[in-house]
Number of protein chains: 2
Amino acid sequence: METENISSICKALGDPNRLKIVQMLSGCEKCACVILRAFDITQPTLSHHMKILCGSGLVNVRKDGKWSYYSLNCETLRDFQEFIGALDCEKNTGCADGKCDCR
Amino acid sequence: METENISSICKALGDPNRLKIVQMLSGCEKCACVILRAFDITQPTLSHHMKILCGSGLVNVRKDGKWSYYSLNCETLRDFQEFIGALDCEKNTGCADGKCDCR
DNA sequence: TCATTGCATAGATATCTGTCAATATATTTC
DNA sequence: GAAATATATTGACAGATATCTATGCAATGA
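A short tour of the structure in this document, coming up.

Parameters and conventions
- Residues numbered from 1 in each chain as written.
- Chains lettered and ligands numbered in written order.
- Predicted model: local features only at pLDDT ≥ 70, side-chain atom pairs only at ≥ 80, totals over all residues.
- Heavy atoms only, no water.
- Near = heavy atom within 4 Å.
- Polar contact = N/O pair within 3.5 Å; in protein donor to acceptor, adjacent residues only side chain to side chain.
- Helix = DSSP H or I, 4+ residues; strand = E, 2+ residues; numbered from the N terminus.
- Nonpolar A, V, L, I, M, F, W, Y, C, P; charged D, E, K, R; others polar.
- Disulfide = S-S within 2.5 Å.
- Buried < 20%, exposed > 50% of the residue type's maximum accessible area, 1.4 Å probe, protein only.
- Least-squares fit on C-alpha atoms with pLDDT ≥ 70 in both.
- Contact = heavy atoms within 4.5 Å.
- 1 Å grid on protein atoms, 1.4 Å probe; cavity = no way out; pocket = protein on both sides within 12 Å on 5 of 7 lines; lining within 4 Å.
- Points joined across faces, edges and corners; volume = space filled by probe spheres on them.

Remarks on the protein's contact with DNA strand D
Part 1 of the reasoning: Neighbouring DNA strand D are 25 residues; Arg18(A), Thr45(A), His49(A), Gln43(B) and Tyr70(B) lie closest to it.
Part 2 of the reasoning: Within 4 Å of the protein, the atoms of DNA strand D are drawn from sugar and phosphate moieties in a proportion of 71%.
Part 3 of the reasoning: Here a phosphate oxygen of DNA strand D and a side-chain polar atom of Asn17(A) are 3.3 Å apart.
Part 4 of the reasoning: A distance of 2.8 Å is found between a phosphate oxygen of DNA strand D and a side-chain nitrogen or oxygen belonging to Arg18(A).
Part 5 of the reasoning: Breaking the surface near DNA strand D down by element, the ones donating at least two residues are helix H2 (16-25) and helix H4 (43-55) of chain A together with helix H3 (32-37), helix H4 (43-56) and strand S3 (67-72) of chain B.
Part 6 of the reasoning: For the surface near DNA strand D, the leading source of residues is H4(A), giving five residues.
Part 7 of the reasoning: Looking at the surface near DNA strand D residue by residue, the class counts come to nine nonpolar, nine polar and seven charged.

Now the structure itself:
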């Protein structure tokens, strides 16, 4: 996955409300009306946040009648998890022969 | 780790330049001057980005003479990786007995 | 068909953010 | 001490963002 896409996902999760929404969607598809009740924001604001989350690719929407059901996108989430999981906090493993001349 | 902290890290990584900086620091401590050369931004702008990255807790700074060496903070990174890794894209595992009434 | 409901869009606005030039500070070197 | 170097801070500004109210639209139900 491109750096730009990862950055876009991070940006989406950079808003506390959106991060909490993603937490709500972890392991559970939910309709907008249920999500809305969990937050102290207006319905248009939620709609705005969901649009950004969907735009990042991290969230899917499924329309059923007048309801919109949101869930996490497996492929995007896995790519994102892989990217974050690959980050290494060691200070010189990224350098050949343990000699870190990349400073 | 608190949701606010995770959100703060995501916000920091939401800027493409900052995400690339973190990628550069993965497995390798680097001084600001080296990072600067890799980007098409001015020195004050880099300083600003590094301050935000450090503020999120994801990046450490070590001063040595007139140089500043940056690296990823192991504890924060692990907490962040754990949080992201725990996200689940299944649609009803978060509900008791497989009955997802949380919609 | 008409009212209700769930959600999206449009427009407005206050705040936040990324960037730069100018400047300051601290360290090293001559 | 003066010059050079590495980094931080300040102030300004254009553009982005989160939020709201008002409104639109499609689906449902009486």
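There's plenty left to go through after this.
Thoughts on the state of the cysteines
Part 1 of the reasoning: Taken as a whole, this structure holds four disulfides over all chains when the rule is applied.
Part 2 of the reasoning: One disulfide in the model links Cys31(A) with Cys33(A); its S-S distance is 2.3 Å. Of note, the bridge from Cys31(A) to Cys33(A) carries an S-S torsion of about -65° and is left-handed in sense.
Part 3 of the reasoning: No disulfide involves Cys10(B); its sulfur sits 5.2 Å from the nearest other cysteine sulfur, which is in Cys10(A).
Part 4 of the reasoning: Exposure remark for Cys10(B): the relative accessible area of 0% places this residue in the buried category.
Part 5 of the reasoning: Looking at Cys54(B), it has no disulfide partner, and the nearest cysteine sulfur is the one in Cys31(B), 14 Å off.

Points about the relation of the copies chain B and chain A
Part 1 of the reasoning: Of the transformation superimposing chain B on chain A, the axial component is 0.0 Å and the angular component is 180°, with the fit at an RMSD of 0.0 Å. Considering both components of the superposition, the chain copies are consistent with a two-fold axis. Relative to the rotation axis, the closest C-alpha in chain B is found at Cys10(B), a distance of 2.3 Å.
Part 2 of the reasoning: Of all interface residues in chain B, 100% are interface residues in chain A too; the two copies therefore contact each other through one and the same surface.

Focus on the layout of surface pockets
Part 1 of the reasoning: Roughly 230 Å³ of internal volume is contained in the largest pocket.
Part 2 of the reasoning: Among the elements of the structure, helix H3 (32-37), H4, strand S2 (59-64) and strand S3 (67-72) of chain A are those that each provide at least two residues to the lining of the largest pocket.
Part 3 of the reasoning: In terms of residue count, the dominant contributor to the lining of the largest pocket is H4(A) (four residues).
Part 4 of the reasoning: In terms of residue class, the lining of the largest pocket is built from nine nonpolar, three polar and two charged.
Part 5 of the reasoning: By volume, the second largest pocket is sized at about 160 Å³.
Part 6 of the reasoning: As for the second largest pocket, its lining consists of Ala32(B), Cys33(B), Leu36(B), Gln43(B), Leu46(B), Ser47(B), Met50(B), Lys51(B) and Tyr70(B).
Part 7 of the reasoning: Only H3 and H4 of chain B provide two or more residues apiece to the lining of the second largest pocket.

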